[in-house]
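Commentary on secondary and tertiary structure
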Amino acid sequence: MLYLDHAATTPVRPEVRAAMLPLLTDRFGNPSSHHTVGERAAAVLADARARVAAVLGMRPGDIVFTSGGTEANNLAIKGIAIAAQLRRGAPVHVVTTPIEHESVLASCDHLARVHGAEITRVPVDATGRVDPDAVAAALREDTVLVTIGYANNEIGTVQDAAALAGVTSAARVPLHLDAVQAAGWLPLAGTGADALSIAGHKIGAPQGTGVLAVRGRIPLEPLLHGGGQERDRRSGTENVAGAVGFATALELAEREREDAAGRTGALRDAFIAAVLSAVPQAQLTGHPVLRLPGTASFTFRGVSGEAVLLELERRGIVSSSGSACAAGSDEPSHVLLALGIAPADAQTAVRFTFGHGAVPADPSGPAAADVPADPAVPADPARPAAPAAPAGPAVPSAIDPATLAAAVAASVAAVRSGP
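Now for a look at the structure at hand. Bear in mind that the values here come from a model prediction, so they are computed numbers and not experimental data.

Within the open sheet, the three strands sit side by side as S9-S10-S12. Their pairing is antiparallel. Pairing within the sheet leaves two strands with one partner each, and these edge strands are strand S9 (282-284) and strand S12 (349-353). Ignoring strand direction, the axes of neighbouring strands in this sheet form an average angle of 30°. Across three bridges, S9 lies against strand S10 (residues 295-300) in antiparallel orientation. Residue pairing across strands places Gln283 opposite Thr299, the latter belonging to S10.

Have a look at this one:
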């Protein structure tokens, strides 16, 4: 099985598992305990915090370990806005865009519903890019936060972080970048952001690990209250093993980033060109150039995206129709609608996301992703379901763009022809 849904989650790297194992067995202390075992755990946690800070170009005290990207986004948006509202003694204003991850949009909705905040959603263009000048025009005297995704999770479009930071810095408004999809692909240090959210399971760390990096000068109201861990910003016993796994994965991702981005970006471009050539009425979504190296997303007008996914899986290819956090919803993607794509076309969307280890297959040798374009179909016209998938999908690194595009074309054609 070829796994092409790395934007949803990635396998844990062997180096990460090795780094975590001692902390799940012998070195199991609570870092808040005032004895030798606890102090050793606290030292390990402090080391992980410093390693993360070094990659992000921030101070160790700026790092808050969380349970993932959703919690990090919630803490950044609610924490900064509520702290500002408490200082001001009046409802506040937050600026975002309509294509953000559900955790960003829902956090903004919570601020409006519960705290009386006013939310401005600055429109994006047809490729998913937001104009920094439009963000500047949306700022007001009571604006306390701009929260925007560094790179979009569905279409892969990358925003101009430096220009956005220039706008917010000039206005003295904190900028939060949701960098969950950007980590491992784009530079994280030097963005100019005041807060960054990252999820471990997008870069080879376990699910349930993450970080909010927030400048120490930015007041932050905690969402979790209790023992005052994480410098009173996130109470609860710290996940020391998870923090070490996250730090290890982030260091590896940053070390390999430039090579992975160049190699995977070339593979992505070859795949996109092959799909647009092979599939009638295929349309690329997102920016054609300013997009994540591992993301290729399309609409296939006239067919159901979910039906295409089922056909692809019959051919041993696992992909998705968009955000895993919105899976199961019958509604068209809010991201695609914001780009001006018609609802009917938005429901034809399919997203392919490559991992950091993807390389073009060697034509002279066996291709790890040499998938059949037209697998045997049972004689029964009802097309019974394919056998259950193996317990865990293989994650081959060698991919043949032409063969993969042929499988996509065959899957779309099978849906068009019907049972």
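Okay, back to it.
With mixed pairing, the seven strands of this open sheet are ordered in space as S2-S8-S7-S6-S5-S3-S4. Edge positions in the sheet fall to strand S2 (63-66) and strand S4 (118-121), since each of these pairs with one other strand and no more. Neighbouring strand axes in the sheet, compared pairwise and without regard to direction, differ in orientation by 20° on average. Contacts between helix H2 (residues 36-56) and the sheet are confined to S2, strand S7 (195-199) and strand S8 (210-214), with S2 contributing the most and set at about 115° to the helix. Where helix H3 (residues 69-88) meets the sheet, it contacts S2, strand S3 (93-96), strand S5 (143-149), strand S6 (175-178), S7 and S8, and its direction lies at approximately 165° from that of S5.

Looking now at the packing of aromatic side chains. The full count for this structure, using the stated rule, is five aromatic pairs. With a centroid separation of 5.8 Å and 20° between ring planes, the pair formed by Phe298 and Phe300 is classed as stacked. Taken as a pair, Phe298 and Phe300 share a single burial class, namely buried. A ring pair is formed by Phe298 and Phe352, whose centres lie 6.2 Å apart and whose planes are at 65°; its orientation type is edge-to-face.

The geometry of H3 relative to helix H4 (residues 102-115) is characterised by a closest axis approach of 9 Å and an angle of 30° between their N-to-C directions. In terms of orientation, H3 and H4 fall into the roughly parallel class. Seen from above, H3 lies across H4 with right-handed handedness. Residue-level contacts link Thr70, Asn73, Asn74, Ile77, Lys78, Ala81, Ile82 and Gln85 of H3 to Ser103, Val104, Ser107, Cys108, His110, Leu111 and His115 of H4. Class assignment for the residues of the contact of H3 with H4 results in six nonpolar, eight polar and one charged.

Calculation notes
- Residues numbered from 1 in each chain as written.
- Predicted model: local features only at pLDDT ≥ 70, side-chain atom pairs only at ≥ 80, totals over all residues.
- Heavy atoms only, no water.
- Pairing = 2+ DSSP bridges.
- Helix = DSSP H or I, 4+ residues; strand = E, 2+ residues; numbered from the N terminus.
- Axes fitted to C-alpha atoms, helices over the stretch in contact; angles between N-to-C directions.
- Contact = heavy atoms within 4.5 Å.
- Phe/Tyr/Trp six-rings, centres within 6.5 Å; stacked < 30°, edge-to-face > 60°.
- Buried < 20%, exposed > 50% of the residue type's maximum accessible area, 1.4 Å probe, protein only.
- Parallel < 35°, antiparallel > 145°, perpendicular 65-115°, else oblique.
- Left-handed = near helix turned anticlockwise from the far one by under 90°.
- Nonpolar A, V, L, I, M, F, W, Y, C, P; charged D, E, K, R; others polar.

The values are spatial; any link to function lies outside them.
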